[in-house]
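Each chain is listed here by its residues.
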Amino acid sequence: KAGVTQTPRYLIKTRGQQVTLSCSPISGHRSVSWYQQTPGQGLQFLFEYFSETQRNKGNFPGRFSGRQFSNSRSEMNVSTLELGDSALYLCASSLKPDTQYFGPGTRLTVL
Amino acid sequence: AQTVTQSQPEMSVQEAETVTLSCTYDTSENNYYLFWYKQPPSRQMILVIRQEAYKQQNATENRFSVNFQKAAKSFSLKISDSQLGDTAMYFCAFMKRGRAGDFGNEKLTFGTGTRLTIIP
C-alpha cells in the first residue's frame, strides 16, 4: 500500500505570495493532519481534517488555511507569505484516531 | 495543555551497543498514547513504536523497546544492537485519547528531539 504522498517536495516563493501544498493520505485513511517543522519552533500542529471537516486547529494565524476533499486528499494554503513561514510542512494520515503516518514533507523556502 | 521534554539534545553510541533516549511529559489526561518517531536525514518521519497509556506492559518492536512509567510520566526508548541506519533525530510525542472511533483529538505534541549518531 502506498504511503502518504506530498507535492511538491520543494518550493521557493517570495514574500507576499501565496502557496498551496497538497497531501494524499494512505488509501482508506480519512483523517489528515498538518504540522510545521522549523529549527526554532520545532514541530507544531497546524490543523486536522476528517470527512472534509476541520476537527482541530493549532495556534497559527488566519493566513494558514486548509481543506479536505471527498477523496480525503487535503490541501493547505498559506497566503501573504512571510520569511518566517520557511519550514518543512509535514502531512500525516490516520486510519484510526490513535496513530499517524507521515509523508515526506514539503520544504518551503520564502525569499 | 500537554508538554513533552527530551533533555538529551545529542547522543552517540558505537554500532552494536545499546542506547536509551529519555522523554518526560506532563499532562492531566489519564487516557493517551505515547510515540517515538525517527526522522533520518531524508526528513521522512517514521513511526518507531507506540504505547497506550492504559496498558502497563511496555511496547516492543524488534530492537526497540520502551520503559513506560506512568506515575513518573516517563517514556524512554531503548535501542538494542544499534545499527548505522538508526542514525536520526528521535522525537517523543504525546496524543490525547478520545472516545473510540472519534476523530478530532489526534494532535501530536512533540518534544524537541534527540539527535542520535551511531558510530561505526
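Starting afresh in each chain, residues are numbered from 1 along the sequence in its written order. For naming, the first written chain is A and the first written ligand is 1, with later ones following in the order written. The model is predicted, so local features are restricted to residues of pLDDT at least 70 and side-chain atom pairs to those at 80 or more, both for listing and for counting; the totals for chains, interfaces and linings are taken over all residues. Excluded from the side-chain calculation are hydrogens and water; included are all heavy atoms of the structure.

Q: Can you break down the pattern of salt bridges residue by residue, with the values?
A: All names here are of chain A. Here, a salt bridge means any Lys or Arg side-chain nitrogen found within 4 Å of an Asp or Glu carboxyl oxygen. Summed over all chains, the structure comprises ten salt bridges over all chains. Ionic pairing is found between Arg67 and Glu75, a salt bridge with its closest N-O pair at 3.3 Å. Partly exposed residues are those whose accessible area sits between 20% and 50% of the maximum for their type, while under 20% is buried and over 50% is exposed, using a 1.4 Å probe and protein chains only. In this structure Arg67 comes out as partly exposed when scored by relative accessible area, which is 46%. Take Glu75: its relative accessible area is 15%, and that puts it in the buried class.

Q: Now, about the interface of chain B and chain A: what can you tell me, with residues and values included?
A: The contact rule is simple, with two residues in contact once any of their heavy atoms fall within 4.5 Å. The partner chain A presents 23 residues to the 20 residues of chain B that form the contact. Defined in terms of a 1.4 Å probe, buried area is the accessible area two parts forfeit on being brought together, summed over both. In total, chain B and chain A occlude about 2,000 Å² of area from one another, counting both sides; carbon and sulfur atoms represent 56% of this. The tally of links from chain B across to chain A stands at one salt bridge. Between Arg50 of chain B and Asp98 of chain A there is a salt bridge whose closest N-O contact spans 2.9 Å. Between N or O atoms, a polar contact is any pair within 3.5 Å; within protein, one atom must be a potential hydrogen donor and the other a potential acceptor, and residues adjacent in sequence are included only when both atoms are from side chains. Scanning the region where chain B abuts chain A turns up seven residue pairs in polar contact (both at pLDDT 80 or more).

Q: Before we move on, can you summarise the sheet that holds strand E8 (residues 74-78) of chain A with the specific residues and values?
A: Residue and element names in this part refer to chain A. Here we have four strands laid out as an open sheet, ordered E1-E3-E8-E7, and antiparallel in their pairing. Looking at strand neighbours, the two that pair on one side only are strand E1 (5-7) and strand E7 (64-68), the edges of this open sheet. Geometrically, the sheet is characterised by an average inter-axis angle of 20° between neighbouring strands, direction not taken into account. Looking at chain direction, E1 and strand E3 (residues 19-24) are connected through three bridges and run antiparallel. When the sheet's bridge partners are listed, Thr5 is paired in E3 with Ser24. By definition, two strands form a pair when at least two bridges between them are found by DSSP. Only DSSP runs of H or I with at least four residues qualify as helices, and only runs of E with at least two residues qualify as strands; both kinds are numbered from the N terminus onward. Inter-axis angles, ranging from 0 to 180 degrees, are taken between N-to-C directions of lines fitted to C-alpha atoms, where helices are fitted over the stretch in contact.

Q: Explain the state of the cysteines to me, using residue names and the numbers behind them.
A: Think of a disulfide as a covalent bridge from one cysteine sulfur atom to another cysteine sulfur atom. Residue and element names in this part refer to chain A. The definition used for a disulfide is geometric: two cysteine sulfur atoms within 2.5 Å. Summed over the entire model, instances satisfying the criterion amount to two disulfides over all chains. One disulfide bridge connects Cys23 with Cys91, the sulfur atoms lying 1.7 Å from each other. Taking the torsion about the S-S bond as the criterion, the Cys23 to Cys91 disulfide, at about -55°, is left-handed. Within this pair, whereas Cys23 is found in strand E3, its partner Cys91 is found in strand E9 (residues 87-94), the two being separated by 68 residues in sequence. Owing to a relative accessible area of 0%, Cys23 belongs among the buried residues under this scheme. Its relative accessible area of 0% is what places Cys91 among the buried residues.

Q: Tell me about the nonpolar core, and name the residues and values.
A: Tyr25, Trp36, Phe75, Leu77 and Tyr90 of chain B are the most contacted members of the largest nonpolar core, which totals 25 residues. Here this core takes four residues from strand E10 (residues 88-96) of chain B, the largest share from any one element. Apart from residues lying up to four places away in sequence, Tyr25 of chain B is in contact with Thr3, Val4, Tyr32, Leu34, Phe68, Gln69, Lys70, Lys73, Ser74, Phe75 and Phe94 of chain B. As used in this record, nonpolar core signifies buried Ala, Val, Leu, Ile, Met, Phe, Trp, Tyr and Cys residues forming a set joined through side-chain atoms within 4.5 Å. Ranked by size, the runner-up nonpolar core spans 21 residues in total, among them Leu21, Tyr49, Ala87 and Cys91 of chain A.

Q: Explain the layout of surface pockets residue by residue, including any values.
A: Think of a 1 Å grid over just the protein atoms. A cavity is a set of points where a 1.4 Å probe fits yet cannot get out, a pocket is an open set with protein on both sides within 12 Å along at least five of seven lines, and lining residues have an atom within 4 Å of a point. Grid points are joined across faces, edges and corners, and a volume is the space filled by probe spheres set on the points. Put simply, the largest pocket is a space of about 550 Å³. Along its surface, the largest pocket is lined by 25 residues, and Gln41, Gly42, Leu43 and Gln44 of chain A together with Phe110 of chain B are the ones closest to its centre. Secondary-structure elements contributing two or more residues to the lining of the largest pocket are strand E4 (31-38) and strand E5 (42-50) of chain A together with E10 and strand E11 (109-110) of chain B. At four residues, the largest contribution of residues to the lining of the largest pocket is made by E5 of chain A. Its residues assigned to classes, the lining of the largest pocket shows nine nonpolar, 13 polar and three charged. In the scheme used here, Gly and all other residues not listed as nonpolar or charged are polar, with Ala, Val, Leu, Ile, Met, Phe, Trp, Tyr, Cys and Pro taken as nonpolar and Asp, Glu, Lys and Arg as charged.

Q: Lay out unusual backbone geometry in plain terms, naming residues and giving numbers.
A: Of note, the bond from Thr7 of chain A into Pro8 of chain A is cis; its omega dihedral lies within 30 degrees of zero at -10°. Position of Pro8 of chain A relative to the elements: it lies in the loop between E1 and strand E2 (10-13). With phi around 55°, Lys73 of chain B is a residue other than glycine that occupies positive phi space. Tracing the sequence through the fold places Lys73 of chain B in the loop between strand E8 (64-69) and strand E9 (74-79).

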